[in-house]
Amino acid sequence: MPSVYIETYGCQMNVSDSELMYGKLRAEGYESVDVPHGADVVLVNTCAIRENAEQRVIGRLGELRRDLKPGAILGVTGCMAQRLGARLLETDTRVQIVVGPDAYRMLPALIDGARQGERFSATDFDLEEHYEDFTARRFEGVKAWIPVQRGCDYRCTYCIVPTTRGPERSRRLADVVRETRDVAEQGITEVVLLGQTVNSYHDGTHDFADLLRAVGAVEGIRRVRYTSPHPNDFSDRVIAAMAETPAVCEHVHLPMQSGSTAMLKRMLRRYSREDYLACVERLRAAIPGLGLTTDIIVGFPGETDGEFEETLSLCRAVRFDDAFTFKFSAREGTPATRMPPEWTVPDAVVDARYDALVATVRGISRERNMARLGQRLEVLVEKEARKGDLYQARSRDFKTVLVPGTADSIGRYLHVELSGTTGATFTGTPVAERHALPMAG
Ligand code: SAH
Ligand code: SF4
Ligand code: F3S
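Residues numbered from 1 in each chain as written. Chains lettered and ligands numbered in written order. Predicted model: local features only at pLDDT ≥ 70, side-chain atom pairs only at ≥ 80, totals over all residues. Heavy atoms only, no water.

K.L.:
Describe the overall build of the protein, and please don't skip the residues or the numbers.
P.N.:
Scanning the protein from N- to C-terminus turns up 13 helices and 19 strands. Compactness check: the protein gives a C-alpha radius of gyration of 23 Å against a globular reference of 22 Å for 441 residues, within 12% of the reference. For the protein, with 441 residues in total, the buried portion stands at 55%. In the protein, once contacts between residues fewer than 6 apart in sequence are set aside, the share between residues at least 24 apart is 73%. When the accessible surface of the protein is totalled, it reaches about 19,600 Å², and 51% of it is carbon and sulfur. Averaged over its 56 positive side-chain charges, the protein has a centre that lies 2 Å from the centre of its 63 negative ones. (Helix = DSSP H or I, 4+ residues; strand = E, 2+ residues; numbered from the N terminus. Rg over C-alpha atoms; globule rule 2.2 N^0.38 Å. Buried < 20%, exposed > 50% of the residue type's maximum accessible area, 1.4 Å probe, protein only. Contact = heavy atoms within 4.5 Å. Areas by Shrake-Rupley, 256 points an atom, 1.4 Å probe, with all protein chains shown as cover. Lys, Arg positive; Asp, Glu negative; His and termini not counted. Charge placed at Lys NZ, Arg CZ, Asp CG, Glu CD.)

Right under this line is the structure:
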């Protein structure tokens, strides 16, 4: 049996695509292996979101070519493959196949061609492609990533994703529900619905509210999450579905990007500071105890001190549980690269703002977490923690909680008391599950 190794970079959508590729190749008679060394086929599933993501891949390709066994086939898939296409074949002569996110169906044929010495890049978009007949080979046994939408129809001026993933399209609700049933039958109790603006999901008949309710109703599914929603696509219907579907977790990852309306306009985010705040308020009013996380970019072209201050002040107003912070990276072909050169924010300013943002975000996160000590909640044990003999678990509102356990604990639900925090993550002490008590008058 030929063996295949896939190394994955980027977002959960890429992780999910790697699972589909592994599944497809397994169905074609390949064995999947966990290390590149000795594999017959090595695929690097890449991300193009920021320059450093691509640099990492280029460095890694250099390492891999030294490590490959003679005759092994090296391929590049994913967003960088889509972005660079045949250019990758020219710059890296060891790479034989380049396959974009909509062309994974061609993988077996392309690998066969590569065996005959062919070199090929396949980067056409296919708006019908959802890989419905592929069976994902899942990396994790606790939660399942389920793509519900591919591509993106927003055109945020910094972003390469519309170029690398093509136009937005949604899977049929019935197909998503079928996949959810399949994973539930395998004993998986948590699903994460994936899409670039996942709450704009619409399959022609059903919207994201219908989808949340349908997935939440699948027997055996105890937790439903989704990522990433766009603030403009939180209709009242979607918020109501979230609030009324018990399985849907009390957590939203709501990318903010900036706290300045002028900046948001240059980013073409299509909402203002006030709109964002209003969205947060609607969500919090509907869903008590909501965990809220976000993405923020610093150093986007034209960012003034005042605009950056507005980002800090919106963070203070919202008080996120956590935030992923990024330094703006110019991506070839995006509208941001055509902005006046004098708008470029000097590196030293970007660095200073980045540090200030991280300090603000961490400070808020720490305060929020300290205030939670002593609370009791349910966690799902996901995996062994990186250090010590603890296991890493998650609360419904997306807090990381380290708990004592054994390998058997993985996939189990525990009731814990939050007994300590580093400021970012918690330690939890198991407690007996309390039966519901009547509300005190
Ligand atoms: N579709 C998602 C975002 C996917 S990319 C959404 O709209 O929410 C994940 C994050 O990377 C973005 O939210 C943004 O904060 C960041 N990002 C995207 N392009 C970037 C760029 N060119 N430079 C820096 N950060 C970027
Ligand atoms: Fe990129 Fe904007 Fe689409 Fe998100 S919504 S993938 S940031 S273009
Ligand atoms: Fe990266 Fe593509 Fe995801 S650019 S973030 S892997 S959609």
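There's more to say after this.
K.L.:
Describe the pairing of strand β18 (residues 413-421), and please don't skip the residues or the numbers.
P.N.:
For strand β15 (residues 376-384) and β18, the ladder comprises five bridges, and the chain directions are antiparallel. Following the sheet pairing, Glu378 is matched in β18 by His415. In terms of strand pairing, β18 meets strand β19 (residues 426-430) through five bridges, oriented antiparallel. Considered in β19, the bridge of Val416 is made with Pro430. Hairpin connection between β18 and β19: a loop of four residues separates the two successive antiparallel strands, and Gly423 in this loop has a positive phi of roughly 105 degrees. (Pairing = 2+ DSSP bridges.)

K.L.:
Outline the site of ligand 3, supporting the account with residue identities and numerical values.
P.N.:
As a structural note, the neighbourhood of ligand 3 is formed by Cys11, Asn14, Cys47, Ala48, Ile49, Cys79, Arg165 and Gln196. Partitioned by chemical class, the residues of the shell around ligand 3 number five nonpolar, two polar and one charged. (Near = heavy atom within 4 Å. Nonpolar A, V, L, I, M, F, W, Y, C, P; charged D, E, K, R; others polar.)

K.L.:
Pulling in residues and values, what's your account of empty space enclosed by the protein?
P.N.:
Counting across every chain of the model gives one cavity of 30 Å³ or more. Lining the largest cavity we find Leu20, His130, Tyr131, Pro147, Val148, Gln149, Arg150 and Arg171. (1 Å grid on protein atoms, 1.4 Å probe; cavity = no way out; pocket = protein on both sides within 12 Å on 5 of 7 lines; lining within 4 Å. Points joined across faces, edges and corners; volume = space filled by probe spheres on them.)

K.L.:
Give me the packing of helix α1 (residues 12-27) against helix α5 (residues 107-115): which residues, what numbers.
P.N.:
Put simply, α1 and α5 touch, their axes get as near as 10 Å, and they point 65 degrees apart. Classified by the angle their axes make, α1 and α5 are roughly perpendicular. For the pair α1 and α5, the contacting residues are Met21, Lys24 and Leu25 in the first and Leu107, Pro108 and Ile111 in the second. Grouping the constituent residues of the contact of α1 with α5 by class yields five nonpolar, no polar and one charged. (Axes fitted to C-alpha atoms, helices over the stretch in contact; angles between N-to-C directions. Parallel < 35°, antiparallel > 145°, perpendicular 65-115°, else oblique.)

K.L.:
Please give an account of the pattern of salt bridges that cites residues and values.
P.N.:
Applying the stated criterion across every chain, the model contains 44 salt bridges. Between Asp236 and Arg282 there is a salt bridge, with its nearest N and O atoms 2.8 Å apart. Here the residue Asp236 occupies a position in helix α9 (residues 236-244), and Arg282 occupies one in helix α11 (residues 273-286), the gap between them amounting to 46 residues. Residues Glu367 and Arg319 are paired through a salt bridge, measuring 3.1 Å at the closest nitrogen-oxygen approach. Highlighted residues: Glu367 in helix α13 (residues 347-370) and Arg319 in the loop between α12 (305-318) and β14 (322-327), separated in sequence by 48 residues. A residue is classified by how much of its surface remains accessible, and Arg319, at 28% relative accessible area, is partly exposed. Taken together, the salt bridges that share partners define one network made up of Glu19, Glu132, Arg138, Arg171, Arg172, Asp175, Arg178 and Glu179. (Salt bridge = Lys/Arg side-chain N within 4 Å of Asp/Glu carboxyl O.)

K.L.:
Quick one: what's the story with the layout of surface pockets, residue by residue and with numbers?
P.N.:
Reported here for the second largest pocket is a volume of approximately 490 Å³. Looking at the second largest pocket, it is lined by 15 residues, and the ones nearest its centre are Arg386, Gln392, Thr400, Leu402 and Thr425. Only β7 (143-147), β15, β16 (390-395) and β17 (400-404) provide two or more residues apiece to the lining of the second largest pocket. Element by element, the count of residues in the lining of the second largest pocket is highest for β15, at three residues.

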